[in-house]
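Coordinates in review
Here is how the chains run, residue by residue.
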Amino acid sequence: MKYALLSDIHGNVEAFQAVLGNLEREKVDQVFFLGDIVGYGANPEECIKLLEGLTTWVVAGNHDWASVGLTDYSNFNPVAKTAIEWTKRKLSVPYQHYLTHLPLLLTCHNLTFVHASPYHPEEWNYVFSLSEASFNFCCYEQQISFIGHSHTPVSFMQSERGTTHLLQKSTFPIEESSRYLINVGSVGQPRDGDPRAAYAIYDLDESRVTIKRIAYDIEGAQKKIIEAGLPHFLALRLAAGA
Ligand SMILES: [Fe+2]
């Protein structure tokens, strides 16, 4: 059994389609989505449509909720704010309805799915450091929590003794006696210096998580952002992966 964990598509249908092609090759059994379908990219409705056909395991991201007035975005940076206002104008009623009804957190057996952090998901806090990860391990009961939000794949492990470690490799075993907090990176706007789309595969038979990187048509996505009248910076950052 193979699970795919995707996050932060952000209206980038070119990146999403490239990942979908890879999911087929990987013969993934179930897809889980960790939030931010829309915001930044030029194809919010197309991305929602594809995601709806793929899975019902979807949690809300801050951009999803901001686009339908469910979370305050007054503290977003000017570019993100412009993108939210553009997205709000683009979304027709059925898509607004879809985003409005997304939950903040889901669990399935020993797994938790949340966009930002297990601690108060509605506060959209980031988990970057060992101390932030260590604190968050206390905020869920399941063995593994998959998260997104920072657009940077990074994984933490809590040993049986309660010590938190940073996992440096892009593939690592899931040990029965340990717990994990895994940020799967971003499909549609990676920010770790690698512009390729990121997502994770959890292979349950092999007890292993792997962060995958998938090349996609960045120029196509950039062209659409510029043609849509969205800030040019949003196109530029895709090529930089930053
Ligand atoms: Fe995001």
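Before any of the text, the structure's been laid out above.
Thresholds applied
- Residues numbered from 1 in each chain as written.
- Predicted model: local features only at pLDDT ≥ 70, side-chain atom pairs only at ≥ 80, totals over all residues.
- Heavy atoms only, no water.
- Buried < 20%, exposed > 50% of the residue type's maximum accessible area, 1.4 Å probe, protein only.
- Pairing = 2+ DSSP bridges.
- Helix = DSSP H or I, 4+ residues; strand = E, 2+ residues; numbered from the N terminus.
- Axes fitted to C-alpha atoms, helices over the stretch in contact; angles between N-to-C directions.
- Donors = N, O, S within 2.8 Å, 3.2 Å for Na, K, Ca; no water.
- Tetrahedral: all angles 85-135°; square planar, octahedral: opposite > 155°, others 65-115°.
- Core = buried A, V, L, I, M, F, W, Y, C linked by side-chain atoms within 4.5 Å.
- Contact = heavy atoms within 4.5 Å.
- 1 Å grid on protein atoms, 1.4 Å probe; cavity = no way out; pocket = protein on both sides within 12 Å on 5 of 7 lines; lining within 4 Å.
- Points joined across faces, edges and corners; volume = space filled by probe spheres on them.
- Polar contact = N/O pair within 3.5 Å; in protein donor to acceptor, adjacent residues only side chain to side chain.
- Nonpolar A, V, L, I, M, F, W, Y, C, P; charged D, E, K, R; others polar.

Turning our attention to unusual backbone geometry. For Asp36, which is not glycine, the phi torsion reads 65° and is therefore positive. By relative accessible area, Asp36 is classed as buried at 1%. A positive phi angle, close to 50°, is found at Ser207, a residue other than glycine. On the basis of relative accessibility, which here comes to 31%, the residue Ser207 falls in the partly exposed class.

Judged by pairing direction, the sheet is mixed, and its five strands sit side by side in the order 2-1-10-11-8 without closing on themselves. Here the strands that pair on one side only, and so sit at the sheet edges, are strand 2 (30-33) and strand 8 (171-173). The mean angle between the axes of side-by-side strands here comes to 20°, regardless of whether they run parallel or antiparallel. In terms of strand pairing, strand 1 (residues 2-6) meets strand 2 through four bridges, oriented parallel. Across the sheet, residue Leu5 finds its bridge partner in strand 2, namely Phe32.

Moving on, we come to the coordination of the iron ion. Each donor-metal-donor angle would ideally measure 109.5 degrees in four-coordinate tetrahedral geometry, or 90 or 180 degrees in six-coordinate octahedral geometry. Bound to the iron ion on the protein side are Asp8 (OD), His10 (NE2), Asp36 (OD) and His151 (NE2), at distances that span 2.1 to 2.3 Å. If you look at the iron ion, its four donor atoms make angles of 84 to 175° with each other, and the shape they trace is irregular. Counting gaps between the donor residues of the iron ion yields the pattern D-x1-H-x25-D-x114-H. Taken together, the residues Asp8 in the loop between strand 1 and helix 1 (13-26) and His151 in the loop between strand 5 (144-147) and strand 6 (154-158) connect sequence positions 143 residues apart. The residues Asp8 and His151 share a single accessibility class, namely buried.

Another aspect to go through is the nonpolar core. In this structure, Leu6, Leu23 and Ile37 are the most contacted members of the largest nonpolar core, which totals 51 residues. With seven residues, the top contributor of residues to this core is helix 1. The residues touching Ile37, leaving out its near neighbours within four places in the chain, are Ile9, His10, Gly11, Cys47, Ile48, Leu51, Val58, Asp64, Tyr98, Leu99 and Leu102. Grouped together as the second largest cluster of nonpolar side chains are 21 residues, Val59, Phe113, Met157 and Val184 included.

Here we take up the layout of surface pockets. As a volume, the largest pocket reaches approximately 260 Å³. Lining the largest pocket are 18 residues; nearest its centre among them are Asn62, His63, Phe76, Tyr126 and His149.

Okay, the side chain of His151 next. With a relative accessible area of 1%, His151 lands in the buried category. Of note is the side chain of His151, whose polar atom sits 2.9 Å from the side chain of Asp8. Each residue touching His151, except ones within four places of it in the same chain, is listed here: Asp8, His10, Tyr40, Gly185, Ser186, Gln189, Pro190, Arg191 and Asp192.

Another point: the sheet that holds strand 5. Sheet architecture is open: six strands sit in the order 3-4-5-9-6-7, paired in mixed fashion. If you trace the sheet from one side to the other, it starts and ends with strand 3 (105-108) and strand 7 (164-167), each paired once. Averaged over all pairs of adjacent strands, the angle between strand axes in this sheet comes to 20°, irrespective of strand direction. Alignment of strand 3 against strand 4 (residues 111-114), held across four bridges, turns out to be antiparallel. Residue Thr107 lies in a different strand from strand 4, and its bridge partner there is Thr112.

In total, this model carries one cavity of 30 Å³ or more according to the counting rule given. Counted as a void, the largest cavity has a volume near 80 Å³. Those elements that place two or more of their residues in the lining of the largest cavity are helix 1, helix 7 (218-227) and helix 8 (232-240). When residues in the lining of the largest cavity are grouped by element, the largest group, three residues, is from helix 7. Here the lining of the largest cavity is composed, by residue class, of seven nonpolar, seven polar and two charged.

Now for the environment of Phe33. Take Phe33: it is sitting in strand 2. On a C-alpha basis, the gap between Phe33 and Asp192 in space is 20 Å, while along the polypeptide they are 159 residues apart. Beyond its immediate sequence surroundings of up to four residues, Phe33 is in contact with Leu6, Ser7, Asp8, Ile9, Leu51, Trp57, Val58 and Val59.

That's the geometry; what it means functionally is another story.
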